[in-house]
There are 2 protein chains.
Amino acid sequence: MSTEVAERVAAITQGDNPALQRRAMAKAITLLESTRADHRALGDALLTALLPHTGQSFRLGISGVPGVGKSTFIETLGLYLIGKGLRVAVLAIDPSSTVSGGSILGDKTRMEQLSMRTEAYIRPSPSSGTLGGVAEKTREAVLVCEAAGYDVVMVETVGVGQSEIAVHGMTDMFCVLQLPNAGDDLQAIKKGVMELADLVVINKADIDPNAATRAQAQITSSLRLLGMHGSHDQAARGALWQPRVIQISALLGHGVEAFWEAVSSYRQMQTSNGCLAMRREKQSLAWMWERIDHGLKLAFRSHPGVRDMLPAVQQQVASGQLAASTAARNLLQAQSSAAMIHKAD
Amino acid sequence: MSTEVAERVAAITQGDNPALQRRAMAKAITLLESTRADHRALGDALLTALLPHTGQSFRLGISGVPGVGKSTFIETLGLYLIGKGLRVAVLAIDPSSTVSGGSILGDKTRMEQLSMRTEAYIRPSPSSGTLGGVAEKTREAVLVCEAAGYDVVMVETVGVGQSEIAVHGMTDMFCVLQLPNAGDDLQAIKKGVMELADLVVINKADIDPNAATRAQAQITSSLRLLGMHGSHDQAARGALWQPRVIQISALLGHGVEAFWEAVSSYRQMQTSNGCLAMRREKQSLAWMWERIDHGLKLAFRSHPGVRDMLPAVQQQVASGQLAASTAARNLLQAQSSAAMIHKAD
C-alpha cells in the first residue's frame, strides 16, 4: 500500500476528529467519482485498502415516487437513529441527475435538521454518467461510509426507471414508500418493484387513515398473491422473512419506531440464517458482471473496425436487407479479426 | 449467391409443390439451427437471400401459462384462418425445452386437425441452447415461413420467464391468453407481460361466464391504470391503439371471429400509421444488439487470460477482499492486454 493510500485510509477510519474524517470521506468519494485514469487507479487502490474496514453497517434502501415524502421520512428516521446513539449516512441515486446534472435526492436543504448533525453524513447523487456509472459510484461511496464507521447507510432513489433495481442490488433491505392511493401499488407491481420490497411503508397515513388501512390490506394481499407463485427474490430473502406492510406518518413521527423494529427483526433474522451474507455475496458478483458487460459494450462500440462498419450495417438491418443475427455475427467478426490482423503484424 | 443457396431459395419460395416446399423449409430451418460453423455460414447466406421475400406475413405472438388452452386456441384459430383461404405457420419458443431437450410447444399431436392440413406448417421449439439462442433460431424460422408465403406466422410461448419478452420482440402483435381467475392478471402485471400485451384474451369464458366478465372488467381497468402512467411500449404501439380485452371459448369456437376482427383492425391501423414498420425496424436493431451483447459475453468468458484469473477473482469478490468494480476493471484489462501482447509479438 502506498503512503498516500495508507494516509487516506487512516483519515477515513479514525473517528476522533469528525471534521477531518468528514473531509477525508468527501475527498475519497470525489476521487472515486472522477473519470481520470490516474484517479481511477488510486481510487481502486484506496477501495481495496478500505475493504477490510467495511461490512459492519446495515445498508437500507429507500425508494418511492416523488411526493411520497422520502426526505421527511429519512430525516425523521435519521434523527430517531441518532437519538439511539447510531451514526447515519444518506446517499442517493437520482436517475434524473444524470440528465440534468443536478440532484434533488440527498440534497441537504431537504433534510435541514439531519444535515446539521455531526452524526449524519449526507451526500447527493453523483450527477454525471449513465445510471450504471452513477450506481457504481454510489456503491463505492457506501463502502467509504462503512469504513468510516457509520452504523446505518441509507441509499435513496426515486420510484422511476431502473434505479430501484440498482439500489436493491446494493442494500441489505429494500423499503418501498407508498402513498395510500389506489393504483399506486399497481404501478409498483407493474414496474417489478413490489416484488423487490422487503418492507412496504405507507406514508402520510395521517391524512386519510381509512385509505391507508385499505391500501395496507390491498398491498398485503397483492404481496401474498405475488409470493405464492415464487418471487424471484425469495431465495435471497430467505424462506423465513415475509415482506411486511406498515403505516407511518413521517411528518408526525408516527410509526417510525415500528418501522425500526421491523428493520431490526429483519436484520437479526437474515444475519442468523446466513441470508444477509449470501445476499451481499450475490450482489457483489452480480455487480462485477454488470460492470464487465458495460465495459465490453463500451469497448465494442469504440472499436475502430466496428465504428467504421456500424452505420451501414444498422441501415441494412433497419431496411430489411440484412438479418439481425447475421449483422451481429459480422460486427463481432470485425472486432475480433481486427485484433487478428494486429496479431499478425 | 452460390448455386446451392439459389436452389434452396427457389425451393422455399415456390409454392407449386407443397410437399417439396415443406421439405425445403424444414431443411433450411434445420440448417439455421445447426451450430456447425460451415452450416452457420451457409445459413447466413441463405437468410440474406431469403430476406427480399420476407415481410409480407402478419406475425402474431401468443402467450399464456400452461393450462390456459393455447393449443386449442391456436388450432381453432388456424382452422378458421385456413377457412378464410390463408396459410398459417406455427412456431414456438419453449424455455423449458432448453433444459429438458423436449418441447411441449408446437407439438403436432397437440394440434391434430391443424397439423394434417397442407395449408399449415407447425414446428416445435428448438430444443437446445440458451433462451437467446432458441429465440434467434425461431426468429430466423419466422423469416423462412414468410419467404414460403405463409400469411400468418404465429409464435407461441408459455407464460413464464423471459420468453415472452423474446416473442414480443419478434412479432407484430402480442396476445396474452388468460384464465378468468382472480390473481392471474396480477401475475401478468408483476412479470411485466401485461404491459406488453396488445390484446388480452380471456379463454375458457364458457366455464364461468360471470368470472370471465369480472376478469374482463378488472383487466381492462388495470390496463387503463397502467397506461395512464405511460407504458414503455406505447410509442411502438402508436398513440391510437388501446390494448383490448376480449372473451373467447376456443373449445366451443366462440369469439374467434371477434378475435380475428380485433387483430385485423390492429393490423390495418398500425400499417397505415407506420407503426408496424417502425416496430419491425426497432425489433431488428434491438435483436442485433442483443446478439452482439451475447457474443461479447461469450468471447469474454472463453478468453484464456480471463479464464485463468476468474476463479480467484470471483472468490476475492465473494469474500469481500476485492471491490466488485475493481474486479471488473482488472478482468477487462486481462482480456484487452492479452490482445496487446499479441499485438506486440
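Looking at an unreviewed UniProt entry, one finds chain A named Methylmalonyl Co-A mutase-associated GTPase MeaB, with Comamonas koreensis as its source organism.

With that out of the way, let us pick up the interface of chain A and chain B. How big an interface is tends to be stated in terms of the accessible area lost upon association of its parts. Contact residues are listed per partner, giving 55 residues for chain A and 55 residues for chain B. Note on chain A versus chain B: buried area summed over both sides is about 4800 Å², and carbon and sulfur give 68% of it. In this structure, B:Arg329 engages A:Asp44 in a salt bridge whose closest nitrogen and oxygen atoms are separated by 2.6 Å. At the level of elements, helix 3 (37-50), helix 7 (131-147), helix 9 (184-190), helix 10 (209-228), helix 13 (275-301), helix 14 (304-318) and helix 15 (324-344) of chain A are the ones that each hand at least two residues to the side of chain A that touches chain B. In terms of residue count, helix 13 of chain A provides more of the side of chain A that touches chain B than any other element does, 14 residues in total. Split into classes, the residues belonging to the side of chain A that touches chain B amount to 24 nonpolar, 17 polar and 14 charged.

The next point concerns the pairing of strand 6 (residues 199-202) of chain B. Residue and element names in this part refer to chain B. Alternating positions in strand 6 separate into two faces, Leu199 and Val201 on one and Val200 and Ile202 on the other, with burial throughout. Here strand 5 (residues 173-178) runs beside strand 6; their pairing, made up of four bridges, is parallel. Paired with Leu177 across the bridge in strand 6 is Val201. As paired elements, strand 6 and strand 7 (residues 244-247) share four bridges and run parallel to each other. If you follow Val201 over to strand 7, its bridge partner there is Ile246.

Here the focus is the relation of the copies chain A and chain B. Each of the two chain copies can be brought onto the other by rotation about an axis and movement along it. In the superposition of chain A on chain B (RMSD 0.0 Å, axial shift 0.0 Å), the rotation amounts to 180°. The superposition operator between the copies reduces to a two-fold rotation axis. When the interface residues of chain A are mapped onto chain B, 100% of them again lie at the interface, so the same face is used by both copies.

A word on unusual backbone geometry. Most peptide bonds are trans, and most residues other than glycine sit at a negative phi. For A:Lys204, which is not glycine, the phi dihedral falls at a positive 55°. Among the structural elements, A:Lys204 can be located in the loop between strand 6 (199-202) and helix 10.

Moving on, we get to the side chain of B:Arg280. Residue and element names in this part refer to chain B. Within the element layout of this structure, Arg280 appears in helix 13 (residues 275-301). Given the relative accessible area of 15%, Arg280 is considered buried. Setting aside residues up to four positions removed in sequence, Arg280 forms contacts with Gly55, Ser57, Arg59, Glu146 and Asp172.

The subject of this paragraph is the packing of aromatic side chains. This model, assessed by the stated rule, comprises 10 aromatic pairs over all chains. On the numbers, 4.9 Å between centres and 90° between planes, the contact of A:Phe73 with A:Phe259 is edge-to-face. Highlighted residues: A:Phe73 in helix 4 (residues 70-83) and A:Phe259 in helix 12 (residues 256-272), separated in sequence by 186 residues. Per residue, the accessibility class of A:Phe73 equals that of A:Phe259, and both read buried. Both rings, one in B:Trp241 and one in B:Tyr266, keep their centres 5.0 Å apart while their planes meet at 85°; by these two values the pair is edge-to-face. Of this pair, B:Trp241 sits in the loop between helix 11 (234-237) and strand 7 while B:Tyr266 sits in helix 12 (residues 256-272), and the two are 25 residues apart along the sequence. As far as burial versus exposure is concerned, B:Trp241 and B:Tyr266 are alike and both buried. Every member of this aromatic cluster is reached through a ring pair, and the members are A:Phe58, A:Trp241 and A:Tyr266. When the ring centre of B:Trp289 is taken as reference, the NZ or CZ atom of A:Arg301 above it lies at 3.9 Å.

Right, let's get into the sheet that holds strand 2 (residues 88-93) of chain B. Sheet strands pair via backbone hydrogen bonds, and the direction of the pair is either parallel or antiparallel. All names here are of chain B. On the basis of which strands lie adjacent, the open sheet formed by seven strands has the order 3-2-4-1-5-6-7 and parallel pairing. Looking along the sheet, the strands with just one partner apiece sit at the ends: strand 3 (120-122) and strand 7. Strand-to-strand, the axes of this sheet are offset by a mean angle of 20°, without reference to chain direction. Contacting strand 1 (58-64), strand 2, strand 3, strand 4 (152-158) and strand 5, helix 4 (residues 70-83) runs over the sheet at an angle of about 175° to strand 4.

Detailed reading of the predicted coordinates is not advisable wherever pLDDT is low. Residues and elements named next belong to chain A. Residue-level pLDDT values for chain A average 87, and 87% of them are 70 or greater. The weakest mean pLDDT in chain A belongs to helix 11 (residues 234-237) at 50; the strongest belongs to strand 1 (residues 58-64) at 96. Below pLDDT 50 for its whole length, residues 341-345 participates in five contacts with residues either more than four positions away or in separate chains. Quick note on the complex model: pTM equals 0.79, ipTM equals 0.82.

Attention now goes to the sheet that holds strand 1 of chain A. Residues and elements named next belong to chain A. The sheet built from seven strands is open, its strands ordered 3-2-4-1-5-6-7 with parallel pairing. The open sheet is flanked by strand 3 (120-122) and strand 7 (244-247), the only strands paired with a single partner. The sheet shows a mean angle of 20° between the axes of neighbouring strands, direction not considered. On top of the sheet, helix 4 reaches strand 1, strand 2 (88-93), strand 3, strand 4 (152-158) and strand 5 (173-178); it is set at about 175° to strand 4, its chief contact. On the sheet, helix 12 packs against strand 1, strand 4, strand 5, strand 6 and strand 7 and is oriented at approximately 130° with respect to strand 1.

Residue and element names in this part refer to chain B. With six of six residues buried, strand 5 is to be regarded as a mostly interior element. Burial along strand 5 is two-sided: the face carrying Met173, Cys175 and Leu177 and the face carrying Phe174, Val176 and Gln178 are both buried. Summarising the sheet, strand 1 and strand 5 pair through four bridges and their orientation is parallel. Among the inter-strand pairings, Ile62 is bridged to a residue of strand 5, identified as Cys175.

Each value, and the rule that gives it
- Residues numbered from 1 in each chain as written.
- Chains lettered and ligands numbered in written order.
- Predicted model: local features only at pLDDT ≥ 70, side-chain atom pairs only at ≥ 80, totals over all residues.
- Heavy atoms only, no water.
- Contact = heavy atoms within 4.5 Å.
- Buried area = accessible area lost by both parts, 1.4 Å probe.
- Salt bridge = Lys/Arg side-chain N within 4 Å of Asp/Glu carboxyl O.
- Helix = DSSP H or I, 4+ residues; strand = E, 2+ residues; numbered from the N terminus.
- Nonpolar A, V, L, I, M, F, W, Y, C, P; charged D, E, K, R; others polar.
- Buried < 20%, exposed > 50% of the residue type's maximum accessible area, 1.4 Å probe, protein only.
- Pairing = 2+ DSSP bridges.
- Least-squares fit on C-alpha atoms with pLDDT ≥ 70 in both.
- Phe/Tyr/Trp six-rings, centres within 6.5 Å; stacked < 30°, edge-to-face > 60°.
- Lys NZ or Arg CZ within 6 Å of the ring centre and 35° of its normal.
- Axes fitted to C-alpha atoms, helices over the stretch in contact; angles between N-to-C directions.
- pLDDT = per-residue confidence, 0-100.

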